[in-house]
Amino acid sequence: MRCSEVVVTRTKRSVRIIFVALVFVASYFLLDQLHPVLVLDSVQYSNTSAMIHHDAPKSKIHIFYNLFTKSSEDEERVRRIVDEQFGHIDATLHDTNVSITSIGHKLSSIPNNSFIKEHYNEGGEDLTLHAVWQYCKANNHKHAKVVYLHSKGSFHPNESNHRLRNFVTQGALSAECANLPDTCNVCSSRMSPLPHPHTSGNMWLARCDYIAQLIDPLALKDGKLPNKFHEDNPCKGRGRYLGEHWVHSHPSVMPCDLYPGKEFTWAHLRVPSGDLRKELRRAPRFRFDEYVLPGMCLSEHPETLSINDFVELRKQNYEMLYNITDLEESWWGWEFLQRSIASR
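All figures in this text were calculated on a predicted structure; none of them were measured in a lab. (Residues numbered from 1 in each chain as written. Predicted model: local features only at pLDDT ≥ 70, side-chain atom pairs only at ≥ 80, totals over all residues. Heavy atoms only, no water.)

Q: Quick question: what am I supposed to make of the packing of aromatic side chains here?
A: Remark: the centre distance and the inter-plane angle together describe each pair of aromatic rings, the angle taken between the planes. Applying the stated rule across the entire model yields 18 aromatic pairs. Ring plane angle 45° and centroid distance 6.2 Å describe the contact between W204 and W246, whose orientation is recorded as tilted. In this pair, W204 is assigned in strand β6 (residues 204–207) and W246 in the loop between α8 (242–245) and β7 (255–257), connecting sequence segments 42 residues apart. Seen from their ring centres, F310 and W332 are 5.9 Å apart, and the 80° between their planes marks the pair as edge-to-face. Taken together, the positions of F310 in helix α10 (residues 310–322) and W332 in helix α11 (residues 332–342) put the pair 22 residues apart, joining distant regions of the chain. By relative accessible area, which is 3% here, W332 ends up buried. Cluster of aromatic residues (ring-pair linked, three or more members): F286, F288, Y291, F310, Y318, W331, W332, W334 and F336. Across from the ring centre of F229, 5.2 Å away, lies the NZ or CZ of R238, which sits over that ring. (Phe/Tyr/Trp six-rings, centres within 6.5 Å; stacked < 30°, edge-to-face > 60°. Helix = DSSP H or I, 4+ residues; strand = E, 2+ residues; numbered from the N terminus. Buried < 20%, exposed > 50% of the residue type's maximum accessible area, 1.4 Å probe, protein only. Lys NZ or Arg CZ within 6 Å of the ring centre and 35° of its normal.)

This is the structure:
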């Protein structure tokens, strides 16, 4: 073979290699534009840290704050609670113009140059949750996010409430939740599937396109829910406990949580103090049995802590609240149960 023929052959081979490489690169970027989740697996369950594809905030996150003050004698103490919680706000992530709903005695001043948007002489968290719901109805898209906080401990000042308030506030206002992955639409310090899906302390971040699917938080007060929901039942998330269940009440919820420790799952037992240790993972992150706690629910409503009754209870709630009777394959409970049973 002459030298000129060798050069031509090698040149053709090089062109083919370059062409194939360009096609591969172009296909990769096209796939990334069409369905980024297929390119990057956002969250994987593992014994080690989860692999996460973060969703950077497109605009600053709006914060809704439920503020309760019993009387003028409580002003200074409640103001310190507000100051403590607002101290975790990150101006690079959050809209510092917090939307405050005040209930009871109206504070004469609010820390952090914030102001009270609405004031009621009496009421509950459903008033502020309704404001969250209305905002998300008007901003119904994936990149709109909200944080819900409340002045836990302002009515019952004790060490237990102080620890839980600090624990859940840090998670709701964390950079990890602000940049939650595509596979999550609610993020908190700890999500528990038992005795009903909830975050003890009820503070969290959520995507508006998910919140917009939920029932109006005032539906119970307006008499639009079945009579069963009027019973105050902390084990089933009904009555005044519906507000704590609300954000995880729809079957399309995709929860994530932050705290890796197993000593605290729900209620007020063994709540960690100090700075929150954060490792964002899909929730529930533990096995079913690790969420079963002794106490009232186990003795009076054992079905709420039974793996055999778990699916049926969830389906009953979904039907009563949303008229949904079928659970999709993507429902978070299937993977949770499969993982729990496999590890027995």
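Q: Honestly, the packing of helix α3 (residues 75–86) against helix α5 (residues 159–172) in this entry has me stumped. Any pointers?
A: Relative placement of two packed helices is described by the angle separating their axes and the distance separating the axes. Between α3 and α5, the least distance of the axes is 10 Å, while the angle of their chain directions is 30°. By the angle between their directions, the pair α3 and α5 is classed as roughly parallel. The hand of the α3/α5 crossing is right-handed. Across from I81, E84 and Q85 in α3, the residues of α5 making contact are H162, R165 and T169. In terms of residue class, the contact of α3 with α5 is made up of one nonpolar, three polar and two charged. (Axes fitted to C-alpha atoms, helices over the stretch in contact; angles between N-to-C directions. Parallel < 35°, antiparallel > 145°, perpendicular 65-115°, else oblique. Left-handed = near helix turned anticlockwise from the far one by under 90°. Contact = heavy atoms within 4.5 Å. Nonpolar A, V, L, I, M, F, W, Y, C, P; charged D, E, K, R; others polar.)

Q: What should I look at first to understand the state of the cysteines in this one?
A: Linking two cysteines covalently via their sulfur atoms produces the bond known as a disulfide. Per the counting criterion, the structure on display carries four disulfides. A disulfide bridge connects C184 with C256, and the sulfur atoms are separated by 1.6 Å. Of the two residues, C184 is situated in the loop between α6 (175–178) and β5 (186–188) and C256 in strand β7; the sequence distance between them amounts to 72 residues. Judged by its relative accessible area of 0%, C184 is buried. (Disulfide = S-S within 2.5 Å.)

Q: Where do I start with the environment of M191 in this structure?
A: By the secondary structure assignment, M191 is in the loop between β5 and β6. With near-sequence residues (within four places) excluded, M191 lies in contact with P197, H198, T199, H248, P255, D257, A283, P284, Y291 and W332.

Q: Honestly, the pairing of strand β4 (residues 145–150) in this entry has me stumped. Any pointers?
A: Taken residue by residue, a regular strand's side chains alternate between the two faces of the sheet. In terms of burial, β4 is a largely internal element, six of the six residues being buried. Alternating positions in β4 separate into two faces, K145, V147 and L149 on one and V146, Y148 and H150 on the other, with burial throughout. In this structure, strand β1 (residues 62–69) lies alongside β4, joined through five bridges in parallel fashion. Across the sheet, the residue bridging to Y65 is L149, located in β4. (Pairing = 2+ DSSP bridges.)

Q: Before we go on, may I ask you to explain the environment of D289 in this structure?
A: Mapped onto the fold, D289 is located in the loop between β8 (281–282) and α9 (296–300). Judged by relative accessible area, D289 falls into the partly exposed class, the value being 45%. C-alpha of D289 to C-alpha of I307: the two residues are 18 residues apart in sequence and 8.4 Å apart in space.

Q: Sorry if this is basic, but what is going on with the pattern of salt bridges here?
A: Scanning all chains against the criterion turns up 13 salt bridges. In this structure, R285 engages D257 in a salt bridge whose closest nitrogen and oxygen atoms are separated by 2.8 Å. In this pair, R285 is assigned in the loop between β8 and α9 and D257 in strand β7, connecting sequence segments 28 residues apart. Just as R285 is buried, D257 falls in that class too. Each member of the salt-bridge network shares a partner with another, and the members are R190, D257 and R285. (Salt bridge = Lys/Arg side-chain N within 4 Å of Asp/Glu carboxyl O.)

Q: What is the right way to look at α10 in this model?
A: Since the α-helix turns once every 3.6 residues, residues separated by three or four places project in the same direction. If you check α10, its first and last C-alpha atoms are 18 Å apart, about what 13 residues at 1.5 Å a residue would give, namely 18 Å. Buried residues of α10: F310, L313, R314, N317, Y318, L321 and Y322, and no others. Buried residues in α10, looked at end-on, bunch into an arc of 135°, giving them a common side. The inward-facing, buried residues of α10 abut α8 and α11. (Expected span 1.5 Å × (residues − 1). Arc of directions from axis to C-beta.)

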